[in-house]
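As a plain string of letters, each chain reads:
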Amino acid sequence: MARWGKVDFKDLKKLQKKMQKFEKIDSEVLCIEIAKNLAQRVYRSAVKRTPVKSGELRKAWSVSEVVNVGGATYEIEIINSMEYASYVEYGHRQQPGRFVPGYWKGNDFIYDPDSHTGMVLKVSWVKGRFMLTKAEQMVDSKKEQIIEKMLLEKLNEVFSSD
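All values derive from a computational prediction rather than experimental measurement.

A. Representation of the packing of helix α1 (residues 10–23) against helix α5 (residues 131–160). Two elements in contact, α1 and α5, have axes separated by 9 Å at closest approach and are oriented at 140°. One way to sum up the angle between α1 and α5 is to call them oblique. Helix-helix and strand crossings are classified by hand; for α1 and α5 the assignment is right-handed. Facing α1, whose interface residues are Leu15, Lys18, Met19, Lys21 and Phe22, α5 presents Leu155, Glu157, Val158 and Phe159. Its residues assigned to classes, the contact of α1 with α5 shows six nonpolar, no polar and three charged.

B. Molecular detail of the nonpolar core. Val42, Trp61, Ile78 and Leu132 are the most contacted members of the largest nonpolar core, which has 22 residues in total. If you list the elements that add at least two residues to this core, you get α2 (27–49), α4 (85–90) and α5. At eight residues, the largest contribution of residues to this core is made by α2. Once residues within four sequence positions are removed from consideration, Val42 is found in contact with Ile78, Leu132, Ala135, Glu136 and Val139.

C. Broad picture of α5. For α5, spanning 30 residues, the distance from its first C-alpha to its last is 40 Å, which sits close to the expected 44 Å at 1.5 Å a residue. At Lys142, α5 shows its maximal kink, close to 55°. Where the residues of α5 are buried, they touch α1, α2, β1 (61–63), β4 (78–80) and α4.

D. How the structure looks around the side chain of Asn80. Position of Asn80 relative to the elements: it lies in strand β4. At a separation of 2.9 Å, a polar atom in the side chain of Asn80 contacts the main-chain carbonyl oxygen of Leu57. Among the polar contacts listed, one links the side chain of Asn80 to the backbone nitrogen of Met82, at a separation of 3.0 Å. Discounting chain neighbours no more than four positions away, the residues touching Asn80 are Leu57, Ala60, Trp61 and Ala85.

E. Layout of the packing of aromatic side chains. Per the stated rule, a full pass over the model turns up two aromatic pairs. Relative to Phe130, the ring of Tyr90 lies with its centre 6.2 Å away and its plane at 75°, an arrangement referred to as edge-to-face. Separated by 40 residues along the polypeptide, Tyr90 in helix α4 and Phe130 in the loop between β9 (125–127) and α5 bring together distant segments of the chain. Their ring planes at 65° and their centres at 5.2 Å tell us that Trp104 and Phe109 sit as a pair that is edge-to-face. With a relative accessible area of 18%, Phe109 lands in the buried category.

F. Just the sheet that holds strand β8 (residues 118–120), in detail. Within the open sheet, the three strands sit side by side as β7-β6-β8. Their pairing is antiparallel. A strand with exactly one partner marks an edge of an open sheet, and here the two such strands are β7 (108–111) and β8. For this sheet the average axis-to-axis angle between neighbouring strands, irrespective of direction, equals 55°. Strand direction decides the pairing type here: strand β6 (residues 99–105) and β7, joined by four bridges, are antiparallel. Bridge pairing in β7 places Trp104 opposite Phe109.

G. Main features of the environment of Glu89. Mapped onto the elements, Glu89 comes out in helix α4. Glu89 sits 45 residues away from Lys134 along the chain, and the two C-alpha atoms are 9.9 Å apart. Among all residues touching Glu89, those that are not within four sequence positions of it are Gly128, Arg129, Phe130, Met131, Leu132 and Thr133. A polar side-chain atom of Glu89 sits 2.7 Å from a polar atom in the side chain of Thr133.

Calculation rules
Residues numbered from 1 in each chain as written. Predicted model: local features only at pLDDT ≥ 70, side-chain atom pairs only at ≥ 80, totals over all residues. Heavy atoms only, no water. Axes fitted to C-alpha atoms, helices over the stretch in contact; angles between N-to-C directions. Helix = DSSP H or I, 4+ residues; strand = E, 2+ residues; numbered from the N terminus. Parallel < 35°, antiparallel > 145°, perpendicular 65-115°, else oblique. Left-handed = near helix turned anticlockwise from the far one by under 90°. Contact = heavy atoms within 4.5 Å. Nonpolar A, V, L, I, M, F, W, Y, C, P; charged D, E, K, R; others polar. Core = buried A, V, L, I, M, F, W, Y, C linked by side-chain atoms within 4.5 Å. Buried < 20%, exposed > 50% of the residue type's maximum accessible area, 1.4 Å probe, protein only. Expected span 1.5 Å × (residues − 1). Bend = angle between axes of the 7 residues up to and from the residue. Polar contact = N/O pair within 3.5 Å; in protein donor to acceptor, adjacent residues only side chain to side chain. Phe/Tyr/Trp six-rings, centres within 6.5 Å; stacked < 30°, edge-to-face > 60°. Pairing = 2+ DSSP bridges.

So, in structure tokens, the structure goes:
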């Protein structure tokens, strides 16, 4: 007749407790945390890519609060509140030959509507810098790895504690 061995259920009970702890993780809080992390990465990259003359355009970036737009879909807006931000982002047309009043200070042209000096526009299209677009593409290409890393950190937090 065969003998059965001794069974120690302590480790199984520990695993059960850890699984119960894992089940208590608020998935909505985790999703918000991930959304904020991704948004901050886009924000930082967009700020770095923003050209600087006076610094005002760079300072005008902001990140909204996380909004649940339905189910497991969360939205955060990254905004530049400067009036001309979209022109720098996407580019813009201008009329060649048009006189723009102002003066030169070093390599920078200072617009001054009362000036008798100025410059004549030469090109019809000023290329965009795509600061936000490129930042979004960069984070989008890495988002799976970022999310996986955050999930693994959360799992380690739950399963490494006793």
